[in-house]
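Summary of the model geometry
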Amino acid sequence: MTGGGVQDESRALLGLVAYGELAAFTQLAADARQAPDLAGRAELATLAAVEMDHYRRVRDHLAARGVDVLEAMAPFTARVDRVLSSVAGRDWPEALVATALGRGLVTDLQTEALEGLTGADAELVAEVVADAGHGAFVEARIREACADPQVHARLAMWGRRLLGEALAAVTAALDETPELAAAVAEDARSTRSPVLKRLKSAHNKRVAALGL
């Protein structure tokens, strides 16, 4: 940091984190409307509120340093939306998989951003990308849906297809946003492969944990 401002790389990473939280809120709020029962609707609405609180915290953190959160998020909106639209669910079970896998991939990229942050910036991001409580609820409901063999087969195939689309969106983000590429990898092109490998590995573990 210099002169009370935010360095370009830190601004880019914080912008990514802020939009990841805002997009998660929007997706969870929309998914809540698809819930087949009141318990599911209330649970996802509660998780959406947690994500909105995270967004506000990053917004206020940037504002205290003279950075407009809308400007910081702008380079990432289309790319994060592309990742999330690729995992948009057509029904309740697919919406739950989207919550688990789509949000997980965005969180993984946010976690990569931690490597480029220090001090208060790193502390804030570590807090807001921590598990917001999605895991247990979503996993239980997905397992319930997968009691139907046809639903299980459909979700398993879809969960694996999502990875290629998501990695393509991440690669595009690194190509089109030099500050982000520089922050998550010292030499963006030569060290990009390990970043993508880590994202792929985390996704596959998440798929396995869901029984897909």
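You'll find the structure just up there.
What this report covers is the structure whose coordinates are included nearby.

Reading the values: rules and limits
- Residues numbered from 1 in each chain as written.
- Predicted model: local features only at pLDDT ≥ 70, side-chain atom pairs only at ≥ 80, totals over all residues.
- Heavy atoms only, no water.
- Axes fitted to C-alpha atoms, helices over the stretch in contact; angles between N-to-C directions.
- Helix = DSSP H or I, 4+ residues; strand = E, 2+ residues; numbered from the N terminus.
- Parallel < 35°, antiparallel > 145°, perpendicular 65-115°, else oblique.
- Contact = heavy atoms within 4.5 Å.
- Polar contact = N/O pair within 3.5 Å; in protein donor to acceptor, adjacent residues only side chain to side chain.
- Expected span 1.5 Å × (residues − 1).
- 1 Å grid on protein atoms, 1.4 Å probe; cavity = no way out; pocket = protein on both sides within 12 Å on 5 of 7 lines; lining within 4 Å.
- Points joined across faces, edges and corners; volume = space filled by probe spheres on them.
- Nonpolar A, V, L, I, M, F, W, Y, C, P; charged D, E, K, R; others polar.

**Regarding the packing of helix H4 (residues 77-85) against helix H8 (residues 149-176)**
- Following both chains from N to C, one finds H4 and H8 inclined at 170°, their axes separated by 9 Å at the closest point. With respect to their mutual orientation, H4 and H8 come out roughly antiparallel. On the side of H4, the interface is formed by Arg79, Arg82 and Val83, while H8 contributes Ala166, Ala169, Ala172, Ala173 and Glu176.

**Regarding the side chain of glutamate 94**
- Within the secondary structure, glutamate 94 is located in helix H5 (residues 92-113).
- A distance of 2.6 Å separates the side chain of glutamate 94 from the side chain of arginine 154, its partner in a polar contact.
- Aside from chain neighbours lying at most four places away, what touches glutamate 94 is Ala88, Gly89, Arg154, Leu155 and Trp158.

**Some details on H8**
- For H8, built from 28 residues, the straight-helix expectation of 40 Å at 1.5 Å per residue is met to within 8% by its first-to-last C-alpha distance of 41 Å.
- Regarding H8, its N-cap is aspartate 148, as a side-chain oxygen of that residue lies 2.9 Å from the backbone nitrogen of glutamine 150 further along.

**Re empty space enclosed by the protein**
- Applying the stated rule across the entire model yields one cavity of 30 Å³ or more.
- Its volume calculated, the largest cavity comes out at about 110 Å³.
- Forming the boundary of the largest cavity are 12 residues, of which Leu16, Val80, Val83, Leu109 and Val170 lie nearest the centre.
- Listing elements by their share of the lining of the largest cavity, those giving two or more residues are H4, H5 and H8.
- Considered class by class, the residues forming the lining of the largest cavity number 11 nonpolar, no polar and one charged.

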